[in-house]
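Results of the structural survey
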Amino acid sequence: MAFSFRRSDFPDDFIFGAATAAYQIEGSSFGGAGPSHWDTFAATPGNVANAETGAVACDHYHRYEEDLDLLRSGGFDAYRFSTSWARVMPDGRNVNPEGLDFYDRLADAVLERGMQPYLTLYHWDLPAALSDLGGWRNRDVASWFADYTKTVMDRIGDRMAAVATINEPWCVTWLSHFWGIHAPGLRDIRAAARSMHHVLLAHARAVEAMRAAGHGNLGIVLNFEHANPASDAAADVAAAARYDGFYNRWFIEAITRKAYPEIILDGFAGHMPNGFEKDMEVIGAPLDWIGVNYYTRSNVAADPEAAWPSLKTVPGPLPKTDMGWEIYPDGLHGFLTRLHRDYTGDTPIIVTENGMAWDDHLVDGRIEDRERIAYFDSHLAAVRGAIADGAPVKGYFGWSLLDNYEWALGYGKRFGMVHVDYDTQKRTPKASFEAFRHAIGGN
């Protein structure tokens with residue numbers, strides 16, 4: 001089974017890449033890394049499936065050259081990776097030279113293979129020592145993050161094609177501090193409100209530090225999820241608007257309009273940091289590009305008996321991935337054109353993550369992941385449609401290069417284009433990887 005597109009169906013300068021994240025693949029027990037709040041979250045019974053951790057993960061720390069060889073063989077132009085704050089600064093403050101050395105080698109290895117390094121500075125591995133001090137609830141996190149940013153960029157910034165500050169601030173904050181599903185596992189509206197502001201202030205201070213040092217091509221990676229009303233009832237439509245407000249509008253409107261949506265500020269009344277309005281100017285400083293992570297839609301219904309935001313998600317009718325997420329490529333087209341129309345104008349947009357989990361199994365040494373091929377194909381068709389409609393989409397990164405640690409779900413969900421046997425660490429490219437190789441010109 002092959003894709004319906006070829007590289008020539010996209011603009012000449014369009015970038016095809018694959019993405020990963022440090023904690024999910026590197027192995028947190030190597031190279032002098034300190035504990036992150038994910039290590040402590042995973043060590044708490046009931047938080048992670050099978051009590052699994054990222055201690056070894058895919059052993060990318062030792063196998064990065066093999067993984068980059070695979071990526072290059074697929075014809076990909078770029079590798080999106082993250083640096084681990086807990087590896088670079090095990091206590092959140094003091095530098096671990098061994099950690100910086102690893103990323104120095106990694107940057108060179110990407111370039112040696114003719115690919116472009118796309119760096120994300122934070123993909124969820126906050127040093128446990130900083131979590132002890134309140135983490136994202138503490139306003140000081142903005143200066144801590146700026147110091148970490150400067151440390152990383154002083155070492156490898158000269159070789160980065162593009163740099164994102166933070167991956168998916170919605171997951172860093174609401175999912176982790178209000179719903180409690182990710183580290184640090186809080187269910188606290190005040191913690192959510194404060195972290196949702198402080199994560200953007202940290203982003204802003206990091207951008208300031210990088211601009212001051214002369215670095216360019218800076219962005220942020222936001223995740224978007226289509227909020228579909230479960231019915232035409234006015235209550236469900238209003239609930240979907242609230243969902244869209246805290247999931248999709250909060251971060252992009254702060255960055256592009258220097259304001260938060262009133263529909264969410266009303267719910268956060270009394271919980272936001274004092275004087276937060278004074279930070280909005282720096283939070284809204286211009287960026288060079290915006291990253292879009294997109295996977296699915298949610299069907300949203302009102303739940304008047306629940307506390308604010310008084311909503312719930314209900315099952316929908318569309319085919320679903322192994323995560324139970326509906327497959328809805330029209331949502332990607334919708335966000336790319338909505339961003340261009342309502343928020344970002346001519347600022348370049350990059351699809352920094354898109355992919356699906358499936359219950360993959362090796363059969364005679366192969367994985368025929370037809371469902372994943374169809375998923376990628378339909379979403380890349382949505383990207384082509386958005387470009388035709390005028391959205392300045394400049395690249396697409398499939399999630400993920402490798403099967404990996406899927407956070408609170410442990411190792412049971414496989415998103416990779418390359419299968420990983422976690423007992424032997426053997427890599428086996430899936431049919432979806434071969435489809436990319438055929439479509440974009442790998443060897």
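Residues numbered from 1 in each chain as written. Predicted model: local features only at pLDDT ≥ 70, side-chain atom pairs only at ≥ 80, totals over all residues. Heavy atoms only, no water.

**Observations regarding the overall build of the chain**
Each helix and strand in the chain was counted, giving 15 helices and eleven strands. The C-alpha radius of gyration of the chain comes to 20 Å, within 12% of the 22 Å expected for a compact globule of 443 residues. The dimensions of the chain, computed from C-alpha atoms along their principal axes, are 55 × 50 × 45 Å. For the chain, buried positions account for 60% of its 443 residues. When contacts within the chain are restricted to residue pairs at least 6 apart in sequence, those whose partners lie at least 24 apart make up 77%. Total accessible area on the chain is roughly 15900 Å²; 49% of this is exposed by carbon and sulfur atoms. Taken together, the 40 basic and 59 acidic charged side chains of the chain have centroids lying 2 Å from each other. (Helix = DSSP H or I, 4+ residues; strand = E, 2+ residues; numbered from the N terminus. Rg over C-alpha atoms; globule rule 2.2 N^0.38 Å. Buried < 20%, exposed > 50% of the residue type's maximum accessible area, 1.4 Å probe, protein only. Contact = heavy atoms within 4.5 Å. Areas by Shrake-Rupley, 256 points an atom, 1.4 Å probe, with all protein chains shown as cover. Lys, Arg positive; Asp, Glu negative; His and termini not counted. Charge placed at Lys NZ, Arg CZ, Asp CG, Glu CD.)

**Let's talk about helix 8 (residues 169-178)**
Here helix 8 lies mainly inside the structure; ten of its ten residues are buried. Along helix 8, the residues classified as buried are Pro 169, Trp 170, Cys 171, Val 172, Thr 173, Trp 174, Leu 175, Ser 176, His 177 and Phe 178. For helix 8, the secondary structure elements touched by its buried residues are strand 3 (116-122), strand 4 (162-167), helix 9 (189-212), strand 5 (218-229) and helix 10 (234-257). Backbone geometry just downstream of helix 8 places Gly 180 in the positive-phi region, at approximately 70°.

**Things to note about the state of the cysteines**
Covalently bonding the sulfur atom of one cysteine to the sulfur atom of another cysteine gives a disulfide. Tallied over the entire structure, the rule returns zero disulfides. In this model Cys 58 remains outside any disulfide bridge; the closest cysteine sulfur is found in Cys 171, 19 Å from its own. Residue classification places Cys 171 among the buried residues on the basis of a relative accessible area of 7%. (Disulfide = S-S within 2.5 Å.)

**A closer look at unusual backbone geometry**
Cis geometry marks the peptide bond from Ala 183 to Pro 184; its omega dihedral reads 10°. Backbone torsion omega between Trp 399 and Ser 400 reads 0°, so that peptide bond is classified as cis. Inspection of the secondary structure assignment puts Ser 400 in the loop between strand 9 (393-399) and strand 10 (418-420). For Ala 51, which is not glycine, the phi dihedral falls at a positive 55°. Relative to the helices and strands, Ala 51 resides in the loop between helix 2 (37-42) and helix 3 (60-73). Classification of Ala 51 by relative accessible area gives exposed; the value is 52%.

**Some remarks on the pairing of strand 3**
Buried residues dominate strand 3, accounting for six of its seven residues. In the sheet, strand 2 (residues 78-82) pairs with strand 3 via five bridges, with the strands oriented parallel. By the bridge assignment, Phe 81 is partnered in strand 3 with Leu 119. Sheet analysis places strand 3 next to strand 4, joined by four bridges and oriented parallel. The residue bridging Tyr 118 from the neighbouring strand is Ala 162, located in strand 4. (Pairing = 2+ DSSP bridges.)

**Examining the pattern of salt bridges**
Applying the stated criterion to the full structure yields 30 salt bridges. Of the charged contacts, one joins Glu 353 and Arg 80 as a salt bridge, the two residues approaching to 3.1 Å between their closest N and O atoms. Of this pair, Glu 353 sits in strand 8 (residues 349-353) while Arg 80 sits in strand 2, placing them 273 residues apart in sequence. Assessed through its relative accessible area of 3%, Glu 353 is described here as buried. (Salt bridge = Lys/Arg side-chain N within 4 Å of Asp/Glu carboxyl O.)

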